[in-house]
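A closer look at the structure
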Amino acid sequence: MPRNPKRKLSPSPTRSIEALKPSFEPYADLLFPTSEQCQAVRDALLAHHGFPQEFAKYRRSTDSLDEGGDARETVLDGLVSTLLSQNTTESNSRRAFESLKTAFPTWDQALVADTKLVEDAIRCGGLAVTKAASIKNILRALKEKRGEICLEYLRSLSVDEIKAELSKFKGIGPKTVACVLMFQLQRDDFPVDTHVFRITRDIGWIPIKANREQAYIHLNNRIPNHLKFDLNCLLVTHGRLCHRCSVRRGNQNTGDGPQVSCPLTQYSQYKDGFDPTLALHPISLLKKWKLVWQHKVLVPGS
């Protein structure tokens, strides 16, 4: 029997660059989220979870040391770590990165190593053949074009220049670029992972039919820069921890463990069985949701 083709990790570089352009707005008539809504959801999740400590080291700082006193994570470390997180769990991707760094303490060692050894080092993260090829491609391209395996030069570039540089690498898509921008480079960007995509769709910030790239552009255009980092980290954390928000729409919570209330339940459009972004004219939608958010979010306890 013919073998199935290997799954691709991400869109082609050309498509990735187009998806990262903020000037195009796929939902110009959708006036959500407003800055007030973003603030309200950020505050609700912050009160519910506190700020997730795993992301604290990425808060903006001019120091070369993070909050724990350790050396700041390099841009290349962050890029590879994010690449390894594709199509797997957080714990598996972390194990894969640690295994890779243990096997090859320097990126020069990883470059000259046999590809099979790199695959073996990251196998616990899944898609080892494809990811190893992407890692080797990045390392080889940097060595050939810049003479050293380092991405620290990106820190001095503009956001558009960074996007163009990273999107040249095979296997690096819009979400990976956005993660590097927000975490390692501390720029104002809003990555859209599985959790962010599901939750923002559920509370009406993007239409049901939106894809990841459309969601990325729309949310980056609408969410105030000063809220992007906290809101993104909190949505990711909430998506991981909240049973209601971690299951697919329409599934019932049948877990045997204790049920903890979700601070976003009251804002979910799906509980009423329709998508207001498709059912109403934008002006009617805006009036309807302004009333909902004013009552449920902007006036706590009402």
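Residues numbered from 1 in each chain as written. Predicted model: local features only at pLDDT ≥ 70, side-chain atom pairs only at ≥ 80, totals over all residues. Heavy atoms only, no water.

1. Focus: the pattern of salt bridges
Summed over all chains, the structure comprises 14 salt bridges. Put simply, D230 and R42 hold a salt bridge, and the shortest N to O gap is 3.2 Å. Within this pair, whereas D230 is found in helix α12 (residues 225-241), its partner R42 is found in helix α2 (residues 35-49), the two being separated by 188 residues in sequence. Pair check on accessibility: D230 and R42 agree, each one buried. Between D77 and K101 there is a salt bridge whose closest N-O contact spans 3.7 Å. Here D77 is found in helix α3 (residues 75-84), whereas its partner K101 is found in helix α4 (residues 90-103), with 24 residues between them in sequence. What you see here is one network of salt bridges that share partners, running through R42, D43, R59 and D230. (Salt bridge = Lys/Arg side-chain N within 4 Å of Asp/Glu carboxyl O. Helix = DSSP H or I, 4+ residues; strand = E, 2+ residues; numbered from the N terminus. Buried < 20%, exposed > 50% of the residue type's maximum accessible area, 1.4 Å probe, protein only.)

2. Quick look at unusual backbone geometry
For the peptide bond that leads from F32 to P33, omega is -5 degrees, which places it in the cis range. Notably, N87 is not glycine yet its phi reads approximately 60 degrees, a positive angle. Checked against the element boundaries, N87 lands in the loop between α3 and α4. If you check the backbone angles, Q186 has positive phi at about 55 degrees while not being a glycine. Mapped onto the fold, Q186 is located in the loop between α9 (174-184) and α10 (194-202).

3. Things to note about the packing of aromatic side chains
Scanning the entire structure with this criterion turns up 4 aromatic pairs. Seen from their ring centres, F51 and F229 are 6.0 Å apart, and the 25 degrees between their planes marks the pair as stacked. Of the two residues, F51 sits in the loop between α2 and α3 while F229 sits in helix α12, which places them 178 residues apart along the sequence. Like F229, F51 is buried. (Phe/Tyr/Trp six-rings, centres within 6.5 Å; stacked < 30°, edge-to-face > 60°.)

4. Things to note about the environment of P191
Examined against the element boundaries, P191 turns out to sit in the loop between α9 and α10. Residue classification places P191 among the buried positions, given a relative accessible area of 3%. For the pair P191 and E213, spaced 22 residues apart in the sequence, the C-alpha separation amounts to 9.9 Å. Apart from the residues lying within four places of it in its own chain, the contact partners of P191 are K175, A178, C179, M182, V196 and N232. (Contact = heavy atoms within 4.5 Å.)

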